[in-house]
Amino acid sequence: MRTKYKAWTKPYLLEHQEVQIDIPALVNLSKPYYLEIGSGKGQFILNMAKNNPDKLFIGVERNQTCAGFTAKKLVDEQITNAKIMWENADRILMELKDESVTMIFLNFSDPWPKKKHAKRRLTAEQYLSSYYRVLKKGGRIVMKTDQKDLYEFTKENLLQTKFHVIEQNENYQKLDDFDVTTEYEDDFRKEGLPIYRLVMEK
């Protein structure tokens, strides 16, 4: 579902730089961090940050309105261990150093259902290759989706990588200890729809 444009989000993002991080600062981070690509309205990184105050969470979101909603959540809750990046993930992945990311979360990514758009999916071969490069040894990708086709597409592409699949779950119900729900996930669970989950390790 496309998020309705909200004009207030751009000035809000410009005003609240304290909850944001830019590419140079991210590249030069010395502290371990967890990266969510496609953070939507920010419920996931907000609650992960609350539950894990000793860890740093970075959300990447190219949609201005969603990034603005996330920034407002972080400001309102006075969260200091989560940041939002209003940026395209492709640009960020190009700049990140090798073996610099602890974990990558892909939560309910755009499935790009048309075959001609397959390369845009966040688990297409070129993305998996980038994730493998930037993840630390033993680092993981955790993917959740409501789209079985995307789940199967990802499993097939993983066969061409060095990732080890350590979890395949076609009906993910009980939350892992290191997990929280997203806004979309709450809706899907209320409707009784299956959640597909993959965990891959470098």
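Please refer to the structure higher up on the page.
Described in the following lines is the structure provided in the data block.

Cut-offs and rules
Residues numbered from 1 in each chain as written. Predicted model: local features only at pLDDT ≥ 70, side-chain atom pairs only at ≥ 80, totals over all residues. Heavy atoms only, no water. Axes fitted to C-alpha atoms, helices over the stretch in contact; angles between N-to-C directions. Helix = DSSP H or I, 4+ residues; strand = E, 2+ residues; numbered from the N terminus. Parallel < 35°, antiparallel > 145°, perpendicular 65-115°, else oblique. Left-handed = near helix turned anticlockwise from the far one by under 90°. Contact = heavy atoms within 4.5 Å. Nonpolar A, V, L, I, M, F, W, Y, C, P; charged D, E, K, R; others polar. Buried < 20%, exposed > 50% of the residue type's maximum accessible area, 1.4 Å probe, protein only. Pairing = 2+ DSSP bridges. Right-handed = clockwise from strand over helix to strand, strands pointing away. Patch = residues over 30% accessible without salt bridge, like charges linked within 9 Å, V, L, I, M, F, W, Y side chains within 5 Å. Areas by Shrake-Rupley, 256 points an atom, 1.4 Å probe, with all protein chains shown as cover. Salt bridge = Lys/Arg side-chain N within 4 Å of Asp/Glu carboxyl O. Lys, Arg positive; Asp, Glu negative; His and termini not counted. Charge placed at Lys NZ, Arg CZ, Asp CG, Glu CD. Core = buried A, V, L, I, M, F, W, Y, C linked by side-chain atoms within 4.5 Å.

**Describing the packing of helix α3 (residues 43-51) against helix α4 (residues 64-76)**
Direction vectors running N to C along α3 and α4 enclose 25 degrees, while the axes themselves pass 9 Å from each other. When the interaxial angle is binned, α3 and α4 end up roughly parallel. Two packed elements cross with a definite hand, and for α3 against α4 that hand is right-handed. Contact residues: Gln43, Ile45 and Leu46 in α3; Thr70, Lys73 and Leu74 in α4. Of the residues in the contact of α3 with α4, the class split is 3 nonpolar, 2 polar and 1 charged.

**Comments concerning the pairing of strand β2 (residues 56-61)**
Extensive coverage of β2 is indicated by the burial of 6 of its 6 residues. Burial of the side chains of β2 extends over both faces: Leu56, Ile58 and Val60 are buried on one face and Phe57, Gly59 and Glu61 on the other. Two elements, strand β1 (residues 33-37) and β2, share 5 bridges in a ladder whose sense is parallel. Within β2, the position partnered with Tyr33 by the bridge is Leu56. Once the chain exits β1 it traverses α3 before rejoining the sheet at β2, and the crossover so formed is right-handed. Where β2 lies against strand β3 (residues 82-86), 5 bridges are found, and the strand directions are parallel. Residue pairing in the sheet places Ile58 in a bridge with Lys83 of β3. Crossover handedness for the path β2 to α4 to β3: right-handed.

**As for a positive patch on the surface**
Taken together, the side chains of Arg62, Lys114, Lys116 and Arg120 present a region of like positive charge at the surface. One can find Arg120 in the loop between β4 (101-107) and α6 (125-134). A relative accessible area of 45% means that Arg120 is categorised as partly exposed.

**A few points about the nonpolar core**
In this structure, Ile37, Leu96, Ile104, Tyr131 and Ile141 are the most contacted members of the largest nonpolar core, which totals 36 residues. Excluding anything up to four places from it in sequence, Leu96 contacts Leu26, Val27, Tyr33, Leu35, Val101, Arg133 and Val134. Listed in part, the 21 residues of the second largest apolar core include Tyr12, Ala67, Ala71 and Met103.

**Things to note about the pairing of β4**
The element β4 is largely enclosed, with a buried count of 7 among its 7 residues. Bridge count for β1 against β4 is 3 bridges, and the pairing is parallel. In the sheet register, Tyr34 faces β4, and the bridge partner there is Met103. Here β4 runs beside strand β5 (residues 135-145); their pairing, made up of 6 bridges, is parallel. Within β5, the residue paired with Met103 across the bridge is Arg140. The handedness of the β4 to β5 crossover, carried by α6, is right-handed.

**A look at the sheet that holds β5**
The mixed open sheet is built from 7 strands, whose spatial order is β3-β2-β1-β4-β5-β7-β6. Lying at the two open borders of the sheet, with one neighbouring strand each, are β3 and β6 (164-169). Ignoring which end each strand starts from, the neighbouring axes of this sheet average 15 degrees apart. On top of the sheet, α4 reaches β2 and β3; it is set at about 160 degrees to β3, its chief contact. Across the sheet, helix α7 (residues 148-158) lies against β5, β6 and β7 (196-201), angled at about 20 degrees from β7, the strand it touches most.

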